[in-house]
Amino acid sequence: MGFFFGAALVAAAVVLFILQPVVKGLHASLVRAEDELTDTEARKKVALLALRDVEYDYLAGKLDENDYRSLKSELTVEALAALEADEAARAALADGQASGDVDLEAEIARVRSKLKAGPLCPSCGYANEEGSRFCSACGSPLLTQVAG
Ligand SMILES: [Zn+2]
């Protein structure tokens, strides 16, 4: 019993060592809610859980050595492919969000500077766009300085 327990601990330690990056990735993806998983995250999770099940089944004696090795190599290939796909999707998403933020802020700055340059309505105080002759809010004629 003592020997079996020790051997099982060693086997578990070896498995954890081999799977360390994988287990960390799984933990990170489990922190978020189930319905927030993207397609690639879901694929990664499924692959990692299947890999974990194979390890458990093997340790529990439900799989023989040959089945374990072939299943594990198949699932490891799938898990690695899923991890790479997820990394690629994540990078693409980060790029998209970064450029989207810049565009939105540039647009806000552009609108603000335009409003600042435009005439304020003497009637209601609305900041109209530059060149407006009538207030966009209340329709009052604006006191515009006509150049030239
Ligand atoms: Zn007005």
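Here, every reference points to the structure presented above.
I will try to describe carefully the structure that is included in this document. (Residues numbered from 1 in each chain as written. Predicted model: local features only at pLDDT ≥ 70, side-chain atom pairs only at ≥ 80, totals over all residues. Heavy atoms only, no water.)

1. Comments concerning the coordination of the zinc ion
Thinking step 1. At this site the zinc ion is bound by Cys-121 (SG), Cys-124 (SG), Cys-135 (SG) and Cys-138 (SG), with donor distances of 2.2 to 2.3 Å.
Thinking step 2. One can describe the donor arrangement at the zinc ion as tetrahedral, given that its four donor atoms subtend angles of 106 to 117° at the metal.
Thinking step 3. By relative accessible area, Cys-135 is classed as buried at 5%. (Donors = N, O, S within 2.8 Å, 3.2 Å for Na, K, Ca; no water. Tetrahedral: all angles 85-135°; square planar, octahedral: opposite > 155°, others 65-115°. Buried < 20%, exposed > 50% of the residue type's maximum accessible area, 1.4 Å probe, protein only.)

2. Here we look at the environment of Val-77
Thinking step 1. Examined against the element boundaries, Val-77 turns out to sit in helix α3 (residues 65–117).
Thinking step 2. For the pair formed by Val-77 and Ala-47, sequence separation is 30 residues and the distance between their alpha carbons is 9.3 Å. (Helix = DSSP H or I, 4+ residues; strand = E, 2+ residues; numbered from the N terminus.)

3. Looking at the environment of Leu-120
Thinking step 1. Looking at where Leu-120 falls in the secondary structure, it is placed in the segment after α3.
Thinking step 2. Accessibility expressed as a relative area gives 59% for Leu-120, which makes it exposed.
Thinking step 3. Spatially, the C-alpha atom of Leu-120 lies 9.6 Å from that of Glu-130, the residues being ten residues apart in sequence.
Thinking step 4. Not counting residues up to four positions away in its chain, the partners in contact with Leu-120 are Gly-125, Tyr-126, Ala-127 and Leu-142. (Contact = heavy atoms within 4.5 Å.)

4. Let's talk about the packing of aromatic side chains
Thinking step 1. Counted according to the given criterion, the structure contains one aromatic pair.
Thinking step 2. Between Tyr-58 and Tyr-68, the ring centres sit 3.8 Å apart and the planes meet at 10°, which makes this aromatic pair stacked. A residue pair is termed long-range when its members are at least 10 positions apart, and Tyr-58 in helix α2 (residues 39–59) and Tyr-68 in helix α3 qualify at ten residues.
Thinking step 3. Judged by relative accessible area, which is 26%, Tyr-58 ranks as partly exposed.
Thinking step 4. A residue is classified by how much of its surface remains accessible, and Tyr-68, at 8% relative accessible area, is buried. (Phe/Tyr/Trp six-rings, centres within 6.5 Å; stacked < 30°, edge-to-face > 60°.)

5. Comments concerning the nonpolar core
Thinking step 1. One finds Val-15, Leu-19, Ala-47, Leu-48, Leu-51, Val-54, Leu-63, Tyr-68, Leu-75 and Ala-79 forming the largest nonpolar core, which totals ten residues.
Thinking step 2. Those elements that provide at least two residues to this core are α1 (2–31), α2 and α3.
Thinking step 3. At four residues, the largest contribution of residues to this core is made by α2.
Thinking step 4. Those residues in contact with Tyr-68 that lie beyond four places of it in its chain are Val-54, Glu-55, Tyr-58 and Leu-63. (Core = buried A, V, L, I, M, F, W, Y, C linked by side-chain atoms within 4.5 Å.)

6. Section: the side chain of Ser-132
Thinking step 1. Mapped onto the secondary structure, Ser-132 falls in the segment after α3.
Thinking step 2. Classification of Ser-132 as buried rests on a relative accessible area of 15%.

7. Remarks on the pattern of salt bridges
Thinking step 1. Counted by the stated rule, this structure contains seven salt bridges.
Thinking step 2. Between Asp-86 and Lys-44 there is a salt bridge, with the nearest N and O atoms lying 2.9 Å from each other. A residue pair is termed long-range when its members are at least 10 positions apart, and Asp-86 in helix α3 and Lys-44 in helix α2 qualify at 42 residues. The same class applies to Asp-86 and to Lys-44, which are both buried.
Thinking step 3. A salt bridge links Arg-52 to Asp-53, with the nearest nitrogen and oxygen atoms 3.8 Å apart.
Thinking step 4. Taken together, the salt bridges that share partners define one network made up of Glu-41, Lys-44, Asp-86 and Arg-90. (Salt bridge = Lys/Arg side-chain N within 4 Å of Asp/Glu carboxyl O.)

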